[in-house]
Amino acid sequence: MSKERQVSKLIDSKIGKIDVIWNLTQECPWHCNICTVSAKPINSLRGSHELNLEGKRRVLAQLASGNFEVDFSGGDPLYREEDLLIIKEATKILPKDLISISTTGARFDEKRLEICKEVGSVEFTLDTLPGIENPARPQGYTESSIRGILKCVEGGVKTRAVTPLFPLTMRKEKPAISLSFSLRMWLPGMGITKILSSR
Ligand code: SF4
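Residues numbered from 1 in each chain as written. Predicted model: local features only at pLDDT ≥ 70, side-chain atom pairs only at ≥ 80, totals over all residues.

Trainee: So what exactly am I meant to see when it comes to the overall build of the protein chain here?
Mentor: A count of helical and extended segments in the protein chain gives seven helices and six strands. Starting at the N terminus, the α and β elements of the protein chain follow one another as α-β-α-β-α-β-α-β-α-β-α-α-β. Counting only residues that meet the buried cut, the protein chain has 30% of its 199 residues in that class. In the protein chain, the share of contacts with a sequence separation of at least 24, taken over all contacts with a separation of at least 6, comes to 67%. (Helix = DSSP H or I, 4+ residues; strand = E, 2+ residues; numbered from the N terminus. Buried ≥ 20, exposed ≤ 12 C-beta atoms within 10 Å, placed from the backbone. Contact = placed C-beta atoms within 7 Å.)

The following block contains the structure:
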């Protein structure tokens, strides 16, 4: 074994798995006012800085040969067919528990659900209750997340809801939309048992 490989194995044994959030694409069907990745409309990045299918396959092979847990994120990593292929290929070469997906619920059909069943967990962002206007998100976003959550829960997928902390979700004087409280009361009824808050 080469010295480099020995060092690499030693590091792996000391630090455990390294979490990688892989933004498979910057393209997203939504246009949120608080987007932290400056997402771009679907089909707007063809031939640009984004990796093509072969480039993504090379990255996947590198991740699979290392000491990584991979969270597929974006943009929306479950929207484009090419990205579905990459995640499907990941499920063939990585253990289920080392793969997670962060998605929006858009286009969430049976094919996407079957892929989600092959990964360790799936995560949806939820920062308002249904029917409450959310200036940070486009119309329909919350309902899309909820549809995805329900499908995943019904399909037996380990499903997580994430609530980013920003003024709307933390406003104490309007408890109906103080998500830290309201979602915690509401989500368990949907089958969600773990809720993360992030900022
Ligand atoms: S869903 Fe996420 S990636 Fe897409 S625009 Fe909204 S914040 Fe950005």
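That covers the picture; the talk isn't over yet.
Trainee: Got a minute to help me understand the confidence of the model for the protein chain in this structure?
Mentor: Any region with low pLDDT has predicted coordinates that should not be read closely. Of the residues in the protein chain, 82% have a pLDDT of 70 or more, and the chain-wide mean is 86. Mean pLDDT per element in the protein chain: helix α7 (residues 179–186) is the minimum at 57, and helix α4 (residues 110–116) is the maximum at 98. (pLDDT = per-residue confidence, 0-100.)

Trainee: In this structure, what is going on with the site of the ligand? I would like to understand it.
Mentor: Every residue close to the ligand is listed here: C28, W30, H31, C32, C35, V37, A39, G74, G75 and T104. Counted by class, the shell around the ligand contains six nonpolar, four polar and no charged residues. (Near = placed C-beta within 6 Å. Nonpolar A, V, L, I, M, F, W, Y, C, P; charged D, E, K, R; others polar.)

Trainee: Teacher, can you tell me more about the nonpolar core here?
Mentor: Across soluble globular proteins, you tend to see nonpolar side chains buried next to one another. Core analysis: the biggest nonpolar cluster contains 21 residues, and I87, I101, C116 and V122 have the highest contact counts within it. Secondary-structure elements contributing two or more residues to this core are β2 (68–73), α3 (81–93), β3 (99–103), α4, β4 (121–125) and α5 (141–154). Here this core gets three residues from one element, more than from any other, and that element is α3. The residues contacting C116, other than those within four sequence positions of it, are I101, V122, C152, G155 and V157. (Core = buried A, V, L, I, M, F, W, Y, C linked by C-beta atoms within 7 Å.)

Trainee: Help me out: how do you make sense of the environment of E123 in this one?
Mentor: Its location among the elements puts E123 in strand β4. Each C-alpha atom, one on E123 and one on S145, is 9.4 Å from the other, the two residues being 22 residues apart in sequence. Beyond its immediate chain neighbours, meaning those up to four positions away, E123 contacts S100, I101, S102, R160 and V162.

Trainee: Please clarify how the environment of I146 should be interpreted in this entry.
Mentor: Along the chain, I146 falls in helix α5. Residues I146 and L129, 17 residues apart in the sequence, show an inter-C-alpha distance of 9.4 Å.

Trainee: Looking at this structure, I do not really get α3. What am I missing?
Mentor: Note on helix geometry: an α-helix contains 3.6 residues per turn, so any two residues three or four positions apart are oriented the same way. With 13 residues, α3 extends 19 Å between its outermost C-alpha atoms, agreeing within 8% with the 18 Å of an ideal straight helix rising 1.5 Å per residue. Listed in full, the buried residues belonging to α3 are D83, I86, I87 and A90. What you see down the axis of α3 is that its buried residues fit within an arc of 95°, all on one side. Those residues of α3 that are exposed and angled more than 90 degrees off the buried face are E81 and K92. Lining the buried residues of α3 we find α2 (53–64), β2, β3 and α4. (Expected span 1.5 Å × (residues − 1). Arc of directions from axis to C-beta.)

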